[in-house]
Amino acid sequence: MLDYTLKQLQYFVTVANHGSIAAAAAASHISQAAMSQAITELERVVGSQLLVRHRARGVVLTAVGTYFLRDAQALVRHAEEVQGRVMERQQGLVGPLTIGCYTGLSAFWLPEIAYGFVKPNPGLDVTLTEGDGAQLQERMLSGYLDAVLTHTRHLIPGVESTTVMAGRPYVLVAGDHWAAKRTSVRLTELADEDFVSLDIPSVRENQLINLRMSGLDPKIAWKSSSLEAVRGMVARGLGYTALVQRPPVNLSYDALPLAILEIEGKVGHSDICVAYTQSDRLSLRLRAFIDFCVEAGDRKEREPVSRKA
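Caption draft 1: Spatial organisation of the overall build of the protein. Within the protein, the regular secondary structure consists of nine helices and 13 strands. Its C-alpha atoms give the protein principal-axis dimensions of roughly 75 × 45 × 35 Å. The buried share of the protein, taken over its 309 residues, is 44%. A fraction of 72% describes how many contacts in the protein between residues 6 or more apart in sequence connect residues 24 or more apart. When the accessible surface of the protein is totalled, it reaches about 15900 Å², and 52% of it is carbon and sulfur. For the protein, the distance from the average position of its 32 positive side-chain charges to the average position of its 33 negative side-chain charges is 1 Å.

Below, the structure is given as structure tokens:
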């Protein structure tokens, strides 16, 4: 028989998340004294101090508490999944689902997910969080997220993934570029031209390296962390760029034409995938989300994308 209770573990996780006994008690709708007593009893049972209490600064996890938190989160999450599976078999898709989405994909995928998956399943309590793909996966491994929509090149050790859409890079040029009337280009043909870089960590750490491995060392003349700003600069003739995401209409925000050129020869892919923790039993709602993304990816790949506006 276990000497601690699931409720005590839930309270401990809540205190760790909120950073104070008082805030955790308010979130759990119990008194501060009851919350403090539950944590004290948990510490007695496990035989170690888990928190250091500071009257003015809330609580700080001890070294033991930090490790115990990971195990407690896993146990609480598993208990929630067991309960959720029972409810799902009886009522359909219900319960919490927290999804991370790499920022570079959010404009293309979050509206699709909100409209096609979240809205038709009112029994789900879905939270969508944007951020860096690798950082979101770290949060997932720590128990804060159920899955992360990201690129295969961003995957970190310790996660499983399901590819939902191919991500072959392409070259984007202005509508009046010398190669705009063509359908493809060799990267070496662009070696002397200015490059407009999407200046975000994943591109710097993956895409630029990919281009260099494919025979092109881009002459970076312009940078922006905004996809549409990059597209706008390309449309103004300030240089070319290489991207993976393909908006369905090749116009910049100021209505200037753009042209897509496929890359001739071998070039590394950066496919889109759903990453999740290694588990023999995924919840029905997470499986449903993965299936939705696979179907949406298939549909996106079938839909024609204009090469020119």
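Caption draft 2: Focus on the sheet that holds strand E8 (residues 184–185). The mixed open sheet is built from four strands, whose spatial order is E8-E12-E7-E11. The sheet is open, and its two edges are formed by E8 and strand E11 (241–243), each paired on a single side. The pairing of strand E7 (residues 170–174) with strand E12 (residues 258–263) spans five bridges and is classified as antiparallel. Directly across from Leu172, in E12, lies its bridge partner Ile260. Lying over the sheet, helix H8 (residues 227–235) contacts E7, E11 and E12, oriented at roughly 55° with respect to E7.

Caption draft 3: A look at the nonpolar core. Judged by nonpolar contacts, the single largest core of 57 residues is most densely connected at Trp109, Leu149, Val171, Val274 and Phe289. Those residues in contact with Val274 that lie beyond four places of it in its chain are Ala147, Val148, Leu149, Glu160, Ser161, Thr162, Val164, Phe289, Ile290 and Cys293.

Caption draft 4: Representation of the packing of aromatic side chains. One pass over the full model with this rule turns up four aromatic pairs. Centre to centre, the rings of Phe117 and Phe289 are 5.5 Å apart; their planes meet at 70°, and the pair counts as edge-to-face. Highlighted residues: Phe117 in helix H5 (residues 103–118) and Phe289 in helix H9 (residues 284–302), separated in sequence by 172 residues. Using a relative accessible area of 3% as the deciding quantity, one classes Phe117 as buried. Residues Phe117 and Phe292 carry aromatic rings whose centres are separated by 5.7 Å and whose planes lie at 40° to one another, so their mutual orientation is tilted.

Caption draft 5: Structural view of unusual backbone geometry. In this structure, His29 takes a positive phi of about 60° despite not being glycine. The backbone of Ala255 shows a phi angle near 65°, a positive value even though the residue is not glycine. Take Ala255: it is sitting in the loop between E11 and E12.

Caption draft 6: Geometry of the packing of helix H1 (residues 6–18) against helix H3 (residues 32–46). Between H1 and H3, the least distance of the axes is 9 Å, while the angle of their chain directions is 110°. In terms of orientation, H1 and H3 fall into the roughly perpendicular class. Counting all contacts with H1, which are made through Gln8, Leu9, Tyr11, Phe12 and Val15, the residues of H3 involved are Met35, Ala38, Ile39, Glu41 and Leu42. Its residues placed into classes, the contact of H1 with H3 shows eight nonpolar, one polar and one charged.

Caption draft 7: Region of interest: the sheet that holds strand E4 (residues 124–131). Taken together, the five strands give an open sheet; going across it, the order is E4-E3-E5-E13-E6, and neighbouring strands pair in mixed fashion. The two strands at the open ends of the sheet, each matched to only one other strand, are E4 and strand E6 (159–165). Across the sheet, the mean angle separating the axes of adjacent strands is 25° when strand polarity is ignored. Direction of pairing for E6 relative to strand E13 (residues 272–277): antiparallel, over a ladder of six bridges. Across the sheet, the residue bridging to Glu160 is Tyr276, located in E13. On the sheet, H5 packs against strand E3 (95–102), E4, strand E5 (147–151), E6 and E13 and is oriented at approximately 155° with respect to E3.

Caption draft 8: Seen up close, the pairing of strand E10 (residues 219–224). Here five bridges tie strand E9 (residues 194–198) to E10, and the two strands are oriented parallel to one another. Bridging from a neighbouring strand, Leu198 pairs with Ser224 of E10. Each parallel crossover has a hand, and the one from E9 via helix H7 (residues 201–213) to E10 is right-handed.

Caption draft 9: Just the side chain of Gln137, in detail. Its place among the elements puts Gln137 in helix H6 (residues 133–141). Reaching out from Gln137, the side chain makes a polar contact with the backbone nitrogen of Ile156 at a distance of 3.2 Å. Gln137 has contacts with Val148, Thr150, His154, Leu155, Ile156, Val159 and Ala275, leaving out every residue within four places of it along the chain.

Caption draft 10: Structural detail: the side chain of Ser252. Tracing the sequence through the fold places Ser252 in the loop between E11 and E12. A polar contact is formed between the side chain of Ser252 and the side chain of Asp254, at a distance of 2.4 Å. Residues contacting Ser252, with those up to four places away along its chain left out, are Arg231, Gly232, Ala235 and Leu258.

Caption draft 11: Inspection of H7 at higher detail. The end-to-end C-alpha separation of H7 is 18 Å, in line with the 18 Å expected for 13 residues at 1.5 Å each. The complete set of buried residues in H7 reads Ser202, Val203, Asn206, Gln207, Leu208, Asn210 and Leu211. The inward-facing, buried residues of H7 contact E3, E9, E10 and E11. Positive phi shows up at Gly215, right after H7, with a value of about 105°.

Reading the values: the criteria
Residues numbered from 1 in each chain as written. Predicted model: local features only at pLDDT ≥ 70, side-chain atom pairs only at ≥ 80, totals over all residues. Heavy atoms only, no water. Helix = DSSP H or I, 4+ residues; strand = E, 2+ residues; numbered from the N terminus. Buried < 20%, exposed > 50% of the residue type's maximum accessible area, 1.4 Å probe, protein only. Contact = heavy atoms within 4.5 Å. Areas by Shrake-Rupley, 256 points an atom, 1.4 Å probe, with all protein chains shown as cover. Lys, Arg positive; Asp, Glu negative; His and termini not counted. Charge placed at Lys NZ, Arg CZ, Asp CG, Glu CD. Pairing = 2+ DSSP bridges. Axes fitted to C-alpha atoms, helices over the stretch in contact; angles between N-to-C directions. Core = buried A, V, L, I, M, F, W, Y, C linked by side-chain atoms within 4.5 Å. Phe/Tyr/Trp six-rings, centres within 6.5 Å; stacked < 30°, edge-to-face > 60°. Parallel < 35°, antiparallel > 145°, perpendicular 65-115°, else oblique. Nonpolar A, V, L, I, M, F, W, Y, C, P; charged D, E, K, R; others polar. Right-handed = clockwise from strand over helix to strand, strands pointing away. Polar contact = N/O pair within 3.5 Å; in protein donor to acceptor, adjacent residues only side chain to side chain. Expected span 1.5 Å × (residues − 1).

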